[in-house]
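Read off the chains here:
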Amino acid sequence: MPNIPFDALRRLLLKGAIAVVIGLGGMPAFAQDKPEIIRIGSTAPGHLKFILAQKDGWWEKEFAKDGIKVELVTFNGGSEATTALATGAIEFTYTGNNPALRVAASGADVKLKLIGLSSYVKAGGSYIVVKTGSPLKTLQDLRGKKVAYLTGTVRHSNFSKALNSVGLTTNDVEGLNLPFEASGPALLRGDIDAIVETDSTAAKLVDTGEARVLFDTSTHPEWNVPNVISVNGAFAAKYPDLVKRLLKVDIEISRWADAHPDQTIKTFVEATKSSEKSVRKTYADGVFHQDPKLTDGAIAALQGEEKFMASAGLLKGSIDYGKWVDRSFVDGAAAEVAAVQ
């Protein structure tokens, strides 16, 4: 199955722009009963179900029945992925909650529809790590220090919550917008004082003894918010059955993962180069929490995150959940899966 990296984004955006022109009447449009290709995006190297589908061709096999090609596209961050989705450069994306919430709040809740959960893992979180031997011991010690994290991500939000819990904000630190590939070496060189990363990524340094955990946000499971699956609104309106079929496969992948935990962890660790020890800690109960169902609790968690992001200056505008959320696709998919069991 093709896997397109972030450097193909400009080409994809151009395709999306052409599609918009056609839709606006700039060129003749011809009715089709199916698309030639479905492009599914995720933040590199991908969310768990995206990675499993990539390895075994789950979506490719499903849509090959109709002669539809599938491309999996990886992006460096959720903002690039949601931009590609909004322009029609891709049809679906698996992202963290923060990028999706920001786009929905910007008024793009019609162009982008929330159709399911990528995951809702309450045991995982973010690590704030410092170099082994660092004099920093508490969150309060981070005041005035150089801390690296990717802005606009769930890690950014988790870091803000951690600081707020001790009366600080991100304005009290010198924030550096760096991915782990840059922040990890910078920490070990002593160029920065701390980094904020996903637990399984930061654990690479912790497991080797090069760094230690200053704070683990998983100690506050109430801070965790589901990651999401979004679809381009125009695509969903034109091909509702294809949206439902993608989610049907998504449900099948999630159940396969729970039935094959060791294979799932092995595949995820190999794809993400994460710490296996940390990954097993996150999924200690042997369940991967990948069910895409949009429960009332999941929506409430997203609403709470929206409120926090607005108060922390991480989001502008407000979300109309009636326009943004569409449960019909995932509910329909779940009903079809249940009917054949």
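Owing to the predicted nature of the structure, the values given are computational and were not obtained by experimental measurement. (Residues numbered from 1 in each chain as written. Predicted model: local features only at pLDDT ≥ 70, side-chain atom pairs only at ≥ 80, totals over all residues. Heavy atoms only, no water.)

Chemist: Could you clarify how one ought to interpret the overall build of the protein in this entry?
Modeler: A count of helices and strands for the protein gives 15 helices and eleven strands. Whereas a compact globule of 341 residues would reach a radius of gyration of roughly 20 Å, the protein reaches 20 Å, a difference of no more than 12%. Taking all 341 residues of the protein together, the buried fraction comes to 52%. Looking at the protein alone, contacts between residues at least 24 apart form 82% of all its contacts between residues at least 6 apart. As displayed, the protein has an accessible area near 15000 Å², and 55% of this comes from carbon and sulfur atoms. If the 39 positive side-chain charges of the protein are averaged to one point and the 39 negative ones to another, these points end up 2 Å apart. (Helix = DSSP H or I, 4+ residues; strand = E, 2+ residues; numbered from the N terminus. Rg over C-alpha atoms; globule rule 2.2 N^0.38 Å. Buried < 20%, exposed > 50% of the residue type's maximum accessible area, 1.4 Å probe, protein only. Contact = heavy atoms within 4.5 Å. Areas by Shrake-Rupley, 256 points an atom, 1.4 Å probe, with all protein chains shown as cover. Lys, Arg positive; Asp, Glu negative; His and termini not counted. Charge placed at Lys NZ, Arg CZ, Asp CG, Glu CD.)

Chemist: Sorry, what's going on with the packing of aromatic side chains here?
Modeler: The description of an aromatic ring pair rests on the distance of the ring centres and on the angle between the ring planes. Following the criterion strictly, the structure yields eight aromatic pairs and no others. The interplanar angle of 50 degrees and the centroid separation of 5.7 Å between the aromatic rings of Trp59 and Tyr94 together place this pair among those described as tilted. Of this pair, Trp59 sits in helix 3 (residues 58-64) while Tyr94 is found in strand 4 (residues 92-95), placing the two residues 35 residues apart along the sequence. Taking the relative accessible area as the measure of exposure, Trp59 reaches 0% and is therefore buried. A relative accessible area of 0% means that Tyr94 is categorised as buried. (Phe/Tyr/Trp six-rings, centres within 6.5 Å; stacked < 30°, edge-to-face > 60°.)

Chemist: What is the right way to read the nonpolar core from this model?
Modeler: Among soluble globular proteins, nonpolar side chains are generally buried collectively. One finds Ile40, Trp59, Phe92, Val243 and Leu247 to be the most contacted residues of the largest nonpolar core, which totals 40 residues. Broken down by element, this core gets its largest block of residues, eight residues, from helix 10 (residues 240-259). The residues contacting Leu247, other than those within four sequence positions of it, are Ile115, Ile229, Phe329, Val330 and Ala333. Counting residues in each nonpolar core, the second largest holds 22 residues, with Ala100, Leu117, Leu294 and Tyr321 among its members. (Core = buried A, V, L, I, M, F, W, Y, C linked by side-chain atoms within 4.5 Å.)

Chemist: Where do I start with the sheet that holds strand 6 (residues 126-131) in this structure?
Modeler: In sheet architecture, strand pairing relies on hydrogen bonds along the backbone and comes in two forms, parallel and antiparallel. What the five strands build is an open sheet, ordered 8-7-9-6-10; its pairing is mixed. Edge positions in the sheet fall to strand 8 (174-176) and strand 10 (211-216), since each of these pairs with one other strand and no more. Adjacent strand axes in the sheet meet at a mean angle of 30 degrees when their direction is disregarded. In this structure, strand 6 lies alongside strand 9 (residues 194-198), joined through four bridges in antiparallel fashion. The partner of Ser126 across the bridge, within strand 9, is Thr198. Its contacts with the sheet place helix 7 (residues 180-189) against strand 6, strand 7 (146-148), strand 9 and strand 10, and it is angled at close to 145 degrees to strand 9. In this fold helix 8 (residues 199-207) packs onto strand 6, strand 9 and strand 10, with an angle of close to 130 degrees to the strand it touches most, strand 9. (Pairing = 2+ DSSP bridges. Axes fitted to C-alpha atoms, helices over the stretch in contact; angles between N-to-C directions.)

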